[in-house]
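In case you want the letters, here they are:
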Amino acid sequence: MRSIAHTPLPEGYAVRQADIAEAPQLPDIEDRAGALFLESNHPEVNGHEAGSPQLFRAHINQNLCFLMVDASDTPIGFATCGVLDRTLHLYELAMVPEHGGKGLGKALIETVCAEAAARGLDAVTLSTFTDVAWNGPFYERVGFRTLDDVGLMVLYQVQTRR
């Protein structure tokens, strides 16, 4: 299986575009990733209703849903985004917890940034909680910088064009 990741991945993993038939699998990944928030200041994230397959299909139809898959080509993570003005906005990055800590989220982020550059967009943006210990530092490590800090949320940006 050919990976579209722009960074080396551990053996057996690949990044690829999601297929429309995989949309029903993505809410489960979102739910499993939400469990990470149980030990944060936002445990309610774990219990929120996951995105619908229809929502994921909309991202897939725009080629804006990237999957992390394992050696059996089973989705274990995803990044969904949308074009807003001159940026690609990362709506969600989710990875099942047992595959965390391997650089897979970073590979998804780099894929999103490469997609933004290929589309001629100026930047990738996202918003996230400022008081979740592992959230902000992760995005900063992969190159995002704070644009606007409004209460519990922060808007981050990484440039794709210089």
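Refer to the structure printed above.
In this report, the structure presented in the accompanying data block is examined. Everything numeric in this text was worked out from a predicted model, so none of it was measured.

Calculation notes
- Residues numbered from 1 in each chain as written.
- Predicted model: local features only at pLDDT ≥ 70, side-chain atom pairs only at ≥ 80, totals over all residues.
- Heavy atoms only, no water.
- Helix = DSSP H or I, 4+ residues; strand = E, 2+ residues; numbered from the N terminus.
- Polar contact = N/O pair within 3.5 Å; in protein donor to acceptor, adjacent residues only side chain to side chain.
- Pairing = 2+ DSSP bridges.
- Right-handed = clockwise from strand over helix to strand, strands pointing away.

### With respect to the side chain of Glu 22
Then step 1. Of note, Glu 22 is situated in the loop between β1 (14-17) and α1 (26-34).
Then step 2. A polar side-chain atom of Glu 22 sits 2.4 Å from a polar atom in the side chain of Arg 16.

### With respect to the pairing of strand β4 (residues 87-95)
Then step 1. Bridging between strand β3 (residues 75-84) and β4 involves eight bridges; their strand directions are antiparallel. Note on β4: the bridge partner recorded for Thr 80 is Glu 92.
Then step 2. Hairpin connection between β3 and β4: a loop of two residues separates the two successive antiparallel strands, and Asp 85 in this loop has a positive phi of roughly 55°.
Then step 3. Two elements, β4 and strand β5 (residues 123-129), share three bridges in a ladder whose sense is parallel. Bridge pairing in β5 places Thr 87 opposite Ala 123.
Then step 4. Remark: the β4/helix α4 (residues 104-118)/β5 crossover connection has right-handed handedness.

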